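# Summary of the model geometry
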Amino acid sequence: MTTTAPFLPWNRPSLGSEEEAEVIDTLRSGWLTHGPKATRFEEAVRTDLGVEDAFAVSSCTAALHLALLTVGIKPGDEVITPSLTFCATPNAILQSGGTPVFTEVDPITFNIDPKAVEQAITPKTRAIVVMHYGGHPCDLLAFRKIADDHGLVLIEDAAHALQAWRDGLRAGSGGDLAVFSFYANKVMTTGEGGMIVGRAELVQRARLLGRHGIDTSVWQRHGKRRTADYEVTVPGLKYTMPDITAAVGIQQFQKLPEFTARRSLIAASYDRSLAGLPGLRLPTVLDGVRHGWFLYPVLIEPVGGRTRDTVANLLLDAYGIGTSVHFKPVHRLAAYRYLKCHLPVTEQVAARQLSLPCYPAMTSTDVQRVIDALHAIWS
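The following paragraphs examine the structure supplied in this document. None of these values were measured; they are calculated from a predicted model.

## Topic: helix H10 (residues 308–319)
- The terminal C-alpha atoms of H10, which comprises twelve residues, lie 16 Å apart, in line with the 16 Å expected from a rise of 1.5 Å per residue.
- Residues of H10 that are buried: Arg308, Val311, Ala312, Leu315 and Ala318.
- Its buried side turned inward, H10 meets strand E12 (296–300), helix H11 (344–352), strand E13 (353–356) and helix H12 (364–378).
- Looking one or two residues past H10, Gly320 carries a phi angle of roughly 65 degrees, positive in sign.

Right, here's the structure in full:
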């Protein structure tokens, strides 16, 4: 069976005339690289989160790399992180000189498990990188205590969770540093882009490293006659976010509460309409949590001839509906298989997990189309 219905992608950004006008304003200003728009974007996020400082960068991967360099990760240092994550995190750890140590996740929220982290700590452990899976914050209070008790750095990978909170604590505000992603499929987008936030002295160090190690930015030197009056104080990298990108972010960030509310409504529709389908486990939201709903992750148990892959293929081929998988366990990827791991919960979740479409641009008709297709597959 095939469908003639238009393809419904797993994700699509919501962009409007506001973003277009802000970009045009940037183009007409004559200032395209990291400058007034990036500074404005940084300040908006910093103020909203209540953190000490923020630095807009070219990607979340750049932010992760800067965070690890900033806290001094070096060869021989171990950095604990989940395997149920995107490869950007272990890639950044390795590129910083450290060694990733993969740990188990909680089977309910799919977030990194505090007990597993404590068991993984060794004399070589230098930092913990936690991730807020799908927009459901992990237990930051527990991880803050673990980090403080063992003298470790706590870094939040908050790529999924810009508006989420747990126990009154915003995702991105509980670590020494936190990073966000503004990739095209995230809760808000700049196309490509990211941000690093946290303690002022650490973010200032990241800012220095992210602009070649130069002690002043180009924008700070703009309009001054002595343009060569700068110093390179450390060997750095080029990770700054350009103003054209930040212009999109300024407008997207203003829309983020609306985006989050729409994602929550879609998730609630799925909760109501898909409950009771045998072998389909819907997401659990713990008490005290405001979910960001970057993902609506279901688990499909291999019963009744259905598996995660057969359902995904049927949704695509018969109903024209896109889905995604989050994630292939990193320790099972070719580049990381040498790091021998025994992570049965991670592997069980990864084999069954499927992300359904859940994004602001979906209409009520789109949402019902997904619901009807799943009911048809289960009938």
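Moving on from the model shown.
## Remarks on the side chain of Thr260
- The topology assignment puts Thr260 in helix H9 (residues 243–274).
- Among the residues examined, Thr260 registers a relative accessible area of 5% and is labelled buried.
- If sequence neighbours within four positions are ignored, Thr260 has contacts with Gln163, Arg290, His291 and Gly292.

## As for the sheet that holds strand E10 (residues 280–281)
- Strand order in this open sheet of three strands is E10-E12-E13, and the pairing throughout is antiparallel. Bordering the open sheet on either side are E10 and E13, each of which pairs with just one other strand.
- Bridge analysis of E10 against E12 gives two bridges, and the strand direction is antiparallel. Along E12, the bridge assignment pairs Leu280 with Ile300.
- Where H9 meets the sheet, its contacts fall on E10, E12 and E13, and the angle it forms with E12 comes to roughly 25 degrees.
- On top of the sheet, H10 reaches E12 and E13; it is set at about 25 degrees to E13, its chief contact.

## Re the pattern of salt bridges
- Under the counting rule described, the total for this entry stands at 18 salt bridges.
- Where Arg144 meets Asp176, a salt bridge forms, and the shortest distance between an N and an O atom there is 3.2 Å. With Arg144 in helix H6 (residues 140–150) and Asp176 in the loop between strand E7 (169–170) and strand E8 (177–181), this pair connects stretches of sequence that are 32 residues apart.
- A cluster of three or more residues bridged by salt bridges with shared partners is formed by Arg144, Asp148, Asp176, Arg199 and Glu201.

Definitions and limits used
- In this convention, every chain numbers its residues from 1, walking through the sequence in written order.
- Local features in this predicted model are restricted to residues whose pLDDT is 70 or higher, and side-chain atom pairs enter the listing and the counts only when it is 80 or higher, whereas totals over whole chains, interfaces and linings include all residues.
- With hydrogens and water set aside, each side-chain value is computed from the structure's full complement of heavy atoms.
- What counts as a helix is a DSSP run of H or I of at least four residues, what counts as a strand is a run of E of at least two, and both are numbered from the N terminus.
- By this rule, a helix spans an expected 1.5 Å times one less than how many residues it contains.
- Three labels apply to residues, based on accessible area from a 1.4 Å probe with only protein chains included: buried if under 20% of the type maximum, exposed if over 50%, partly exposed otherwise in between.
- Residue contacts are defined here by distance: any two heavy atoms, one from each residue, within 4.5 Å place the two residues in contact.
- Any two strands between which DSSP finds at least two bridges are classified as paired.
- What counts as an axis is a line fitted to C-alpha atoms, over the stretch in contact for a helix, and the angles between N-to-C directions run from 0 to 180 degrees.
- One side-chain nitrogen of Lys or Arg within 4 Å of one carboxyl oxygen of Asp or Glu is enough to make a salt bridge.

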